[in-house]
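Take a look at the letters that make up each chain.
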Amino acid sequence: MRTLKKSNSRSAHQYIGTAVNGGTRRAVPCVDVLQLRDRDTTSPEPKTGHNKVTERTRMNNDTERFWHIRASNYDKLYWAKDGDYLDAIVETAHFTRNDLVLDVGTGTGVVAERIKPLVRHIVALDISGSMLEKRRWEGVSVVKWDIRATLFADDLFDKIVARMVFHHILNDLNEAMRQCRRALKAGGKLIIAEGVPPSNSRKVVDWYSSMFALKEERRTFTEKQLVGYLGANGFRNIQTTVYMMDNFSIKNWLRNSGLSKENQCKIMQIHTSADKTIKDAYQMKIKGDDCLVRTKNLIITAEK
Ligand SMILES: C[S@@+](CC[C@H](N)C(=O)[O-])C[C@H]1O[C@@H](n2cnc3c(N)ncnc32)[C@H](O)[C@@H]1O
């Protein structure tokens, strides 16, 4: 393990590993809290097998393209900036002025910015350079990295936060959780926030999955599954808080998610034509050309 030199300023973009535009490595300033494993930090590729490397490269390119499209309007999404949702995460996490925090899948940094004034230091990590480039980062250490690959020293962070990230990790989710656990101090907490179907009835869960399938390839989580993943990866004292978001605008969400007009129409239509069970589960209201729903979000804390 090596400790990198302290930077003179914490206000610059502090990228470690691959430069944001890919390819070349840059010498980057970095604060001393970022204890990195003594390893090549250029790219988290598998070590053996040409086919495996090619497959991983293809996946990385697809992921970058996907988030590049979504990055342009991400900050216009009402749900992402919902103050009550951010407050609920902060209340659940019990941050302290001494905490060193990692925000996994930070995206454009909405959660990191909310947490920053409450803690000692925050490290924002994301696989997508396009998402990271949307913010002019101040006083945050920024890392372009895949959470499934080892980067940080063991037992480093007091808390790790990941909002709306794990449902996007289609492969090696266990590895992502193991990496989080490894980088946490003993007694440190992982705080996960994820949207889930508004009810656990099979019909509602199936509707939720098929509706999201029109939008993207992703996981549908239930509380039971998430708690199961955390437990299987060594976390304990797993506790769930539910945050219900009222008046979630489907129109705002579809417009700003990088979808084709055709898919936006299909997803709006699947909402407006849903049957009573689904409409009731979402407390759905039609308002002009918009559809407002009540979404269910879990904030789960788990201890190392
Ligand atoms: C829906 S956005 C959430 C952004 C932010 N957490 C928020 O709540 O506003 C999901 C983010 O997870 C990132 N992500 C997905 N897979 C990742 C991985 N394996 N490692 C790191 N980041 C990842 C994406 O690039 C994207 O920025």
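Small disclaimer: the values here were computed from a predicted structure and weren't measured.

1. Remarks on the site of the ligand
Step number 1: Taken together, 20 residues surround the ligand, and among them G105, G107, I127, S128 and R163 come closest.
Step number 2: For the shell around the ligand, the elements supplying multiple residues, two or more each, are α4 (110-115) and β4 (121-126).
Step number 3: Classifying every residue of the shell around the ligand by side-chain character gives 11 nonpolar, five polar and four charged.

2. Some remarks on unusual backbone geometry
Step number 1: Unusually for a residue other than glycine, H94 sits at a positive phi of about 50°.
Step number 2: Residue placement: H94 occurs in the loop between α3 (83-93) and β3 (100-104).
Step number 3: Not every positive phi belongs to a glycine, and D155 is a case in point at roughly 55°.
Step number 4: With respect to the helices and strands, D155 occurs in the loop between β5 (141-144) and β6 (157-163).
Step number 5: Take D155: there are 13 C-beta atoms within 10 Å of it, and that puts it in the partly exposed class.

3. Brief notes about the pairing of β6
Step number 1: Of all seven residues in β6, six are buried, a share of seventy percent or more.
Step number 2: Pairing geometry for β3 and β6, over three bridges, is parallel. Note that in β6 the partner of L102 across the bridge is I160.
Step number 3: Here β6 pairs with strand β7 (residues 184-196) via six bridges, running parallel. Residue pairing across strands places F157 opposite L184, the latter belonging to β7.
Step number 4: Following the backbone out of β6, through helix α6 (residues 173-183) and into the adjacent parallel β7, one traces a crossover that is right-handed.

Thresholds applied
Residues numbered from 1 in each chain as written. Predicted model: local features only at pLDDT ≥ 70, side-chain atom pairs only at ≥ 80, totals over all residues. Near = placed C-beta within 6 Å. Helix = DSSP H or I, 4+ residues; strand = E, 2+ residues; numbered from the N terminus. Nonpolar A, V, L, I, M, F, W, Y, C, P; charged D, E, K, R; others polar. Buried ≥ 20, exposed ≤ 12 C-beta atoms within 10 Å, placed from the backbone. Pairing = 2+ DSSP bridges. Right-handed = clockwise from strand over helix to strand, strands pointing away.

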